[in-house]
Amino acid sequence: MCGIVGYIGKRVAIPILVDGLKKLEYRGYDSAGVAVLDCEKIVVSKSVGKLVALEEELGQSYSQSCIGIGHTRWATHGRPSQVNAHPHCDCKQDFVVVHNGIIENYLELKDMLIEKGHKFASETDTEVLAHLLEAYYEGDLEGAVRNVLKTIRGSYAMVVLRRQDPNKLVAARKDSPMVVGLGDGEFFVASDITAILNYTRKVYILDDGEMVVITEDGVKVFDFEGNPRAKEVYDVKWDAVAAEKGGYEHFMLKEIHEQPKALKDTMLGRLEDEKVVLQEVDLTLEELAQINKVYIVACGTAWHAGLVGKTLIERWAHLPVEVDIASEFRYRSPLVDDHTLVVVVSQSGETADTLAALREAKNRGARVVAVTNVVGSTVSREAHDVIFTWAGPEIAVASTKAYTTQLEGMVLLGLYLSQVKGTLPKERIAEIITALRKIPAQVQELLDQSSLIKELAESFAKVENTFFIGRSLDWAVAMEGSLKLKEISYIHAEAYAAGELKHGTLALITEATPVIALATQRDVYEKTISNVKEVKARDAKVIGLTYKGNTSMAKSVDHVIYIPETMDELSPILTVIPLQLLSYYVSVARGCDVDKPRNLAKSVTVE
Ligand code: AGP
């Protein structure tokens, strides 16, 4: 999730581009760059790291050009570096491009272009766009862009500038956001409204499959076939700060609502009808045959994703899995050797304990696969193989979209290992892939019920102690639900394997300790209901979560939250959504600092 911006008008472009990028920096801060047209030359300035580095690079004596494009990067393909920073050019520096999204088929296109003699400077998927433009240009820029759009697959919002077209920007979008700002004799294009709010409140919000040709005289909108499109002008009422949160009150709520897209992006290019494709992990059958044990090692929410991963890998790939808290694993002299596969999970890729556990595992000869959200992070650089979650930057301390995409990472890894080992029939893998493709829409269905959860949360906000219970994968999700509530509402919450309550903790259950009971695992559903009856018998108020259709739950609890039906192994991605929303609304009701809870940091880089 990068930030892109473009300007054409009468004012000097660079200050406007840099100001826009500042507003988009929450979308990515691995590197930044701008390109302007000066004396018929494309002038590119880019730098690694936060935007301030680019401002220093530009200094005060920059080009007075009135046309340009800019980019702030969240690395996906190619680690954060100077050469991988956008904008990217073709061989002759005739075309320059900024892009937000993922070009799925960039590797095959790159090979095709290299065969034709093109020279690539970076590792990025985006640079392919500039070389394709060079290859397809036949006299008009719009035509060349349309040909490129016919060739590429994936998600993109892109802006193109050509040296020989000094009064034109061409942009297009599919599955990545883009708005066009309408000024007085000047026009803007950007990833979102935040970047241009200081200059205009009149915007076109582009839809998927639309491209725009912007000149000083105006903006023309077309579909990808070149047919004109009429657009309604949207009058923006937001203030800039609210805009950065996309109109949401907190980054956490915004990130909760970004999960359908994050889940879709994380499966991009990795699912075929009956097969999972993990280009990032190349474990051969011979190598996997050597593996007799798997460890999943992580901290906090990432560890909770590992708990789900254990069941999936054991059930699908028939490999024994141990899940370890990184701060324990690193000092426990774990039985790890070159027959061990160690999976480290980390949103930030910088958590000190997880990093040390990774190094410990490598020192003992293990093969290390990382599941992380940050390209270029230390964990991603030191692991042997990396499965990136494409959740985009996660700003709120409480992890939400990173967790659900980590769960998806566990599903992909479990299926991949079963595929290499041949432990699951093709039909079963196809069944799971079909169900997984439905998950983003089912998450959206749950998000559309937010108001119900908000009501529930208001009655829950006065609670001081609560328990989350579940069996099997529900227990793993109960762990995450209780952590979310603890870390942002400061309510003491514990998660318990439902069958374990009667061995002691049941003593704590009273009418003052509400219980949240998760019951989606069909093979232990009845057992969980009987555990619910145990706590009800001690007057606890119970909120139940189960699949639509499980009406028997309603008879046993005070309030039911129904989730769309899916297969049990995938239900954690759905069941956690109401728990994230509950924690969020309880935290708001208690007046807590939702995005920056006390005593916590987004990435714990100390022991
Ligand atoms: C989760 O909401 C917390 N922010 C915390 O538990 C977090 O999951 C943990 O610190 C691990 O972080 P990582 O995924 O970046 O390694």
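Throughout, residues of each chain are indexed from 1 in the direction in which the sequence is written. Only residues with pLDDT of at least 70 are given local features in this predicted model, and only at 80 or more are side-chain atom pairs given and counted; all residues enter the totals for whole chains, interfaces and linings. To get the side-chain values, take all heavy atoms of the structure and skip hydrogens and water.

A word on the overall build of the protein chain
To keep things clear, this is the line we draw: A run of DSSP states H or I qualifies as a helix once it reaches four residues; a run of E qualifies as a strand once it reaches two. Both are numbered from the N-terminal end. Radius of gyration: over C-alpha atoms. The globule rule applied is 2.2 Å multiplied by the number of residues raised to the 0.38 power. The classification of residues rests on relative accessible area computed with a 1.4 Å probe and restricted to protein chains. Under 20% of the type maximum is buried, over 50% is exposed, and intermediate values are partly exposed. We call two residues in contact when some of their heavy atoms are within 4.5 Å. Here, Shrake-Rupley sampling with a 1.4 Å probe gives the accessible areas, and only protein chains in the shown set may cover a residue. When charges are tallied, Lys and Arg are placed among the positive residues and Asp and Glu among the negative ones, while His and the ends of the chain are skipped. To locate a charge, the coordinates of NZ of Lys, CZ of Arg, CG of Asp or CD of Glu are taken.
Across its full length, the protein chain carries 20 helices and 26 strands. Taken against the 2.2 N^0.38 rule, which gives 25 Å for 607 residues, the C-alpha radius of gyration of the protein chain at 25 Å falls within 12% of a compact globule. Along the three orthogonal principal directions, the C-alpha set of the protein chain runs to about 80 × 55 × 45 Å. Looking at the protein chain as a whole, 62% of its 607 residues are labelled buried. Across the protein chain, the fraction of contacts at a sequence separation of at least 24, relative to all contacts at a separation of at least 6, is 72%. Accessible surface for the protein chain amounts to roughly 22,800 Å². Of this, 51% is attributable to carbon and sulfur atoms. Taken as two groups, the 68 positive and 85 negative side-chain charges of the protein chain have centres that lie 2 Å from each other.

Notes on the pattern of salt bridges
Quick note on the threshold: Here, a salt bridge means any Lys or Arg side-chain nitrogen found within 4 Å of an Asp or Glu carboxyl oxygen.
Evaluated as defined, the whole model comprises 41 salt bridges. For Asp273, the salt bridge identified is with Arg437, shortest N-O distance 3.8 Å. One end of the pair, Asp273, is in the loop between strand E15 (271-272) and strand E16 (275-276); the other, Arg437, is in helix H15 (residues 426-447), with 164 residues separating them in the sequence. Judged by relative accessible area, Asp273 falls into the exposed class, the value being 60%. Two residues, Lys502 and Glu534, come together in a salt bridge whose shortest N-O distance is 4.0 Å. On the criterion of sequence distance, the pair formed by Lys502 in the loop between strand E23 (492-497) and strand E24 (515-519) and Glu534 in helix H18 (residues 525-536) is long-range, its members being 32 residues apart. Looking at Lys502, the relative accessible area reads 44%, which means it is partly exposed. Shared partners join several salt bridges into a network, and the residues in it are Asp207, Glu210, Arg229 and Lys231.

Some words on the sheet that holds strand E13 (residues 218-223)
What counts is decided by this rule: Here, any two strands with at least 2 DSSP bridges between them count as paired.
Pairing is antiparallel in the open sheet, where six strands are placed in the order E5-E6-E7-E8-E12-E13. In the strand order of this sheet, the two ends are held by strand E5 (88-89) and E13, each with one partner. Here strand E6 (residues 95-103) pairs with strand E7 (residues 154-162) via nine bridges, running antiparallel. Along E7, the bridge assignment pairs Ile102 with Ser155.

Digging into the packing of H15 against helix H20 (residues 571-589)
How two helices sit against one another is set out by the angle between their axes and by the gap between those axes. Convention followed: The axes are straight lines fitted to the C-alpha atoms, using for helices just the contacting stretch, and the angles between their N-to-C directions are given from 0 to 180°. Just so you know how the angles are binned, under 35 degrees is roughly parallel, over 145 roughly antiparallel, 65 to 115 roughly perpendicular, and the rest oblique. The crossing is said to be left-handed when, going from far helix to near helix, the turn is anticlockwise and less than a right angle, and right-handed when the turn is clockwise. Gly falls in the polar group here, along with every residue not listed as nonpolar (Ala, Val, Leu, Ile, Met, Phe, Trp, Tyr, Cys, Pro) or charged (Asp, Glu, Lys, Arg).
At a minimum axis distance of 9 Å, the contact between H15 and H20 shows a crossing angle of 25 degrees. Taken together, the axis directions place H15 and H20 in an arrangement best described as roughly parallel. The handedness of the crossing between H15 and H20 comes out as right-handed. Within the contact between the two elements, H15 uses Leu436, Ile439, Gln442, Val443, Leu446 and Leu447 and H20 uses Ile573, Leu574, Ile577, Pro578 and Leu581. Looking at the contact of H15 with H20 residue by residue, the classes come out as 10 nonpolar, one polar and no charged.

Points about the site of the ligand
The condition that has to hold: Any residue with a non-hydrogen atom lying within 4 Å of a molecule or strand is treated as near it. Here a polar contact is taken to be a pair of N or O atoms separated by no more than 3.5 Å, where protein atoms must pair a possible hydrogen donor with a possible acceptor and residues adjacent in sequence count only if both atoms sit in side chains.
The immediate surroundings of the ligand are formed by 15 residues, with Ser346, Gln347, Ser348, Thr351 and Glu487 found nearest. Within the contact set of the ligand, an oxygen atom lies 2.6 Å away from a side-chain nitrogen or oxygen of Ser346. The protein chains hide 91% of the 410 Å² of surface that the ligand would expose on its own. Among the elements of the structure, helix H10 (300-317) and helix H17 (473-489) are those that each provide at least two residues to the shell around the ligand.

Details of the pairing of E24
Successive side chains on a regular strand alternate, one facing one side of the sheet and the next facing the other. This is how it is decided: Looking down the strands as they point away from you, a crossover is right-handed if its path from the first strand over the helix to the second goes clockwise.
The element E24 is largely enclosed, with a buried count of five among its five residues. The side-chain alternation of E24 yields two buried faces, one formed by Val515, Ala517 and Ala519 and the other by Ile516 and Leu518. Relative to strand E25 (residues 542-547), E24 is paired through five bridges, and the arrangement is parallel. The partner of Ala517 across the bridge, within E25, is Gly544. One crossover worth recording links E24 to the parallel E25 by way of H18, and it is right-handed.

Thoughts on the packing of aromatic side chains
Basically, it comes down to this: Any Phe, Tyr or Trp ring, taking Trp's six-membered ring, that has another such ring centre within 6.5 Å forms a pair; planes under 30 degrees apart are called stacked, those over 60 apart edge-to-face, and the others tilted.
Inspection of every chain in the model, using the stated rule, returns eight aromatic pairs. Residues Tyr7 and Phe188 carry aromatic rings whose centres are separated by 5.3 Å and whose planes lie at 50 degrees to one another, so their mutual orientation is tilted. Highlighted residues: Tyr7 in strand E1 (residues 3-8) and Phe188 in strand E10 (residues 187-190), separated in sequence by 181 residues. The interplanar angle of 20 degrees and the centroid separation of 5.4 Å between the aromatic rings of Phe188 and Tyr199 together place this pair among those described as stacked. On the criterion of sequence distance, the pair formed by Phe188 in strand E10 and Tyr199 in the loop between E10 and strand E11 (202-205) is long-range, its members being 11 residues apart. Owing to a relative accessible area of 1%, Phe188 belongs among the buried residues under this scheme.

A closer look at the side chain of Asn100
Mapped onto the elements, Asn100 comes out in strand E6. Accessibility expressed as a relative area gives 4% for Asn100, which makes it buried. There is a polar contact of 2.9 Å between the side chain of Asn100 and the backbone nitrogen of Cys2.

Considerations on the sheet that holds strand E17 (residues 293-298)
Spatial ordering of the open sheet is given by E18-E17-E19-E20-E21, a layout of five strands whose pairing is parallel. Of all the strands in the sheet, the pair left with one neighbour each is strand E18 (321-325) and strand E21 (385-388). Across the sheet, the mean angle separating the axes of adjacent strands is 20 degrees when strand polarity is ignored. Relative to strand E20 (residues 367-372), strand E19 (residues 340-346) runs parallel, the two sharing six bridges. Each bridged residue has a counterpart across the sheet, and for Val343 the counterpart in E20 is Val369. The strands touched by H10 within the sheet are E17, E18 and E19, with E18 carrying the most contacts at an inclination of about 175 degrees.

Just geometry here; none of it tells us what the structure is for.
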